[in-house]
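# Report on the structure
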Amino acid sequence: MSILNSFNVAPPALFTYPSYWAGIASLYPYLYAMNERKRQKIADFDVNGIGVDNGNLFGLPFNYEESEVIVLPVPWEVTVSYSPGTAKGPAAMLAASTQVDLYDTDLPNAWQHGIFMLGISEEWSRRSKLLRAKAAEHIRLLEAGGSGSAEVLEEINEAGDALRKWVFEQCSEIMEQGKLPCLLGGDHSTPLGLIQALAMRHSEFGILQIDAHADLRNAYEGFKWSHASIMHNALSIPQINSLVQVGLRDVCEEEMDLIRNEKRIHAFFDQDLRDAQFEGATWQQVCRSIVEKLPQKVYISFDIDGLQPSLCPNTGTPVAGGMDVAQVQYLIKELLKDGKTIIGLDLVEVAPGDDEWDANVGVRLLYKLCNLMLKSNKK
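Keep in mind that this is a model prediction, so the values were computed, not measured.

Our focus in this paragraph is the pattern of salt bridges. Enumeration according to the criterion identifies 18 salt bridges in this entry. We note a salt bridge from E155 to K134, for which the minimum N-O separation is 3.0 Å. Note that E155 is positioned in helix α5 (residues 150-176) and K134 in helix α4 (residues 122-143), a separation of 21 residues in sequence. According to the relative accessible area criterion, E155 is partly exposed, its value standing at 31%. Note that D270 is salt-bridged to R274, the shortest N-O span being 3.0 Å. Taken together, the positions of D270 and R274, both in helix α9 (residues 270-278) and four residues apart, correspond to about one turn of that helix. According to the relative accessible area criterion, D270 is buried, its value standing at 7%.

Looking now at the side chain of S376. Mapped onto the secondary structure, S376 falls in helix α12 (residues 357-376). Within the local environment of S376, its side chain forms a polar contact with the backbone oxygen of M373, the two atoms lying 2.9 Å apart.

At a minimum axis distance of 7 Å, the contact between α5 and helix α6 (residues 192-199) shows a crossing angle of 45°. The orientation of α5 relative to α6 falls into the category oblique. The two elements α5 and α6 cross, and the hand of that crossing is right-handed. Residues R164, V167, F168, C171, S172 and M175 of α5 pack against L192, G193, L194, Q196, A197 and L198 of α6.

Omega for the peptide link from G185 to G186 comes to 15°, which places this bond in the cis form. As for its position among the elements, G186 is in the loop between β3 (180-185) and α6. A positive phi angle, close to 65°, is found at N109, a residue other than glycine. Positive phi values are uncommon outside glycine, yet E221 reaches one of about 60°. Tracing the chain through its elements places E221 in the loop between β4 (205-210) and α7 (230-234).

We now examine the environment of D346. Within the fold, D346 resides in strand β8 (residues 341-348). Judged by relative accessible area, D346 falls into the buried class, the value being 0%. With 47 residues separating them along the chain, D346 and Y299 place their C-alpha atoms 8.4 Å apart. Apart from the residues lying within four places of it in its own chain, the contact partners of D346 are L183, H188, P191, Y299, I300, S301 and F302. A distance of 2.5 Å separates polar atoms of two side chains, one belonging to D346 and the other to Y299.

Read across the sheet, eight strands follow the order β2-β1-β3-β8-β7-β4-β5-β6 without closing on themselves; strand pairing throughout is parallel. The sheet is open, and its two borders are formed by β2 (115-117) and β6 (265-269), each paired with just one other strand. Here the strands of the sheet are splayed against their neighbours by 15° on average, with no regard to which way each runs. Of the pairings in the sheet, the one linking strand β5 (residues 240-248) to β6 comprises five bridges and is parallel in character. Following the sheet pairing, Q245 is matched in β6 by A267. Each of β1 (69-74) and β3 is contacted by α5, which is oriented at about 165° to β1, the strand it contacts most. Taken strand by strand, helix α11 (residues 325-337) contacts β4, β5, β7 (297-303) and β8, and its axis lies near 170° from that of β7.

Okay, the packing of α11 against α12 next. How two helices pack is summed up by the angle between their axes together with the distance between the axes. Relative to each other, α11 and α12 sit at 10°, their axes nearing to 10 Å. One way to sum up the angle between α11 and α12 is to call them roughly parallel. Side by side, α11 and α12 meet where V325, Q329, I332, K333 and L336 of the first sit next to L365, K368, L369, L372, K375 and S376 of the second. For the contact of α11 with α12, the per-class residue count stands at six nonpolar, two polar and three charged.

Let us look at the packing of aromatic side chains. Scanning the entire structure with this criterion turns up six aromatic pairs. Seen from their ring centres, F62 and W111 are 6.1 Å apart, and the 15° between their planes marks the pair as stacked. Taken as a pair, F62 in the loop between α2 (29-44) and β1 and W111 in the loop between α3 (89-96) and β2 lie far apart in primary sequence, 49 residues in all. Judged by its relative accessible area of 6%, W111 falls in the buried class.

Among the six residues that make up β4, six are buried, leaving the element largely enclosed by the rest of the structure. Burial of the side chains of β4 extends over both faces: F205, I207 and Q209 are buried on one face and G206, L208 and I210 on the other. In terms of strand pairing, β4 meets β5 through six bridges, oriented parallel. Pairing of L208 across the sheet is with V244, part of β5. Pairing geometry for β4 and β7, over five bridges, is parallel. Its bridge partner being in β7, I207 is matched across the sheet by Y299.

Here we come to the pairing of β7. For β7, a buried count of six out of seven residues is recorded, marking the element as mostly surrounded by other parts of the structure. As for the winding sense of the linkage, the β-α-β connection from β7 through α11 to β8 is right-handed.

Procedures and definitions
- Chains are numbered independently. Their residues run from 1 in the order of the written sequence.
- Only residues with pLDDT of 70 or above have their local features reported here, since the model is predicted, and side-chain atom pairs are shown and tallied only from 80 upward, although totals for entire chains, interfaces and linings are computed over all residues.
- Hydrogens are left out, water is left out, and the side-chain values use all remaining heavy atoms of the structure.
- Here, a salt bridge means any side-chain nitrogen of Lys or Arg that lies within 4 Å of a carboxyl oxygen of Asp or Glu.
- Secondary structure elements follow DSSP: runs of H or I no shorter than four residues count as helices, runs of E no shorter than two count as strands, and numbering proceeds from the N terminus.
- Exposure classes here rest on a 1.4 Å probe applied to the protein chains alone. A residue is buried below 20% of its type maximum, exposed above 50%, and partly exposed in between.
- Counted as a polar contact is a pair of N or O atoms within 3.5 Å, where, for protein atoms, one must be capable of donating a hydrogen and the other of accepting one, and residues adjacent in sequence contribute only when both atoms are in side chains.
- Lines are fitted to the C-alpha atoms to define the axes, a helix being fitted only along its stretch in contact, and any angle between axes, read from their N-to-C directions, falls within 0 to 180 degrees.
- Each angle is binned into one of four classes, with values under 35 degrees roughly parallel, values over 145 roughly antiparallel, values of 65 to 115 roughly perpendicular, and all other values oblique.
- Take the far helix as the reference: if the near one is turned anticlockwise from it by less than a right angle, the crossing is left-handed, and if turned clockwise, right-handed.
- We call two residues in contact when some of their heavy atoms are within 4.5 Å.
- Strand pairing requires that DSSP identify at least two bridges connecting the strands.
- Only Asp, Glu, Lys and Arg are considered charged in this grouping, and only Ala, Val, Leu, Ile, Met, Phe, Trp, Tyr, Cys and Pro are considered nonpolar; every other residue, Gly among them, is considered polar.
- Note on ring pairs: Phe, Tyr and Trp rings are taken, using the six-membered ring of Trp, and paired if centres are within 6.5 Å. Classes follow the plane angle, with under 30 degrees stacked, over 60 edge-to-face and the rest tilted.
- Classification remark: right-handed applies to a crossover when, strands pointing away from the viewer, the course from the first strand over the helix to the second runs clockwise.

See the structure below:
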């Protein structure tokens, strides 16, 4: 275990000798100084106190360099086809995050590893608002039986591609710095660049998608980078050898055809999960059947509408049914029990309403997901 990651364990005896630290300081003065600053911040931080609004996610005291998980917020919702609002998700979750108590039974002292969220891009937020209005009119024309606007489609598809490239570059830089990447949407179109960046570093990996929707449509409503097309687009990446979809309960025939014919897809429909339990299967047995379909390295793509609508009432496309938080957490912990490594994740489609309930649920899930990703990498 590296020095930077050893805050929650007793150091080897060698580490207690002054000569050892003197040697580290002479060989790696920058790393030694950064480590000492972080140790001091840990010592000074009141983990039991009131959450402090210091501009950092969860009110943590660490900067980018001192954090092991980096969260990239993407305030984008251009192609949402029902209710908007998810572009405001990152800001709402940041505001709600100081209400999260930081003790985690799955990874004691998890907060000491550091989770840092980058700033929310005003430019992408502005472009999302501008293009969302144009997309809404295009969708209205389609729903009225028209053909929409070819000019609007071209503009939005070009912008979606630019966003994909920006996310790719941002996440590539995060991983080059030795950090674990997490993307916070925004709609479900946003993580494609992250998935592509992971494919540049891993020869093969699988995706665990928790979602009410399959998102396998080809350029839904003419939008190549649609939120409803994220997994269709992801399957074009050859390094992805398995797509395991959990909680599906709203799919179209086009998607069902792909699920039946694409060997990499393993779909677990919400009704089938429930039927298995009604017929006597335990949730552990159900989870084992899901986990066995995934390879050693796993990317988690979590659309909040995979949960019961009571937990995310303002998400863009809520669907009756779904899992509760405990079921999802248990499923992901089964991944870790099986020795799998989480190489990255996203949490998308959290849309704040008139209160902070959606953001409250979302940010607590975010904390747990980040901690379980950290734990899976501490082998």
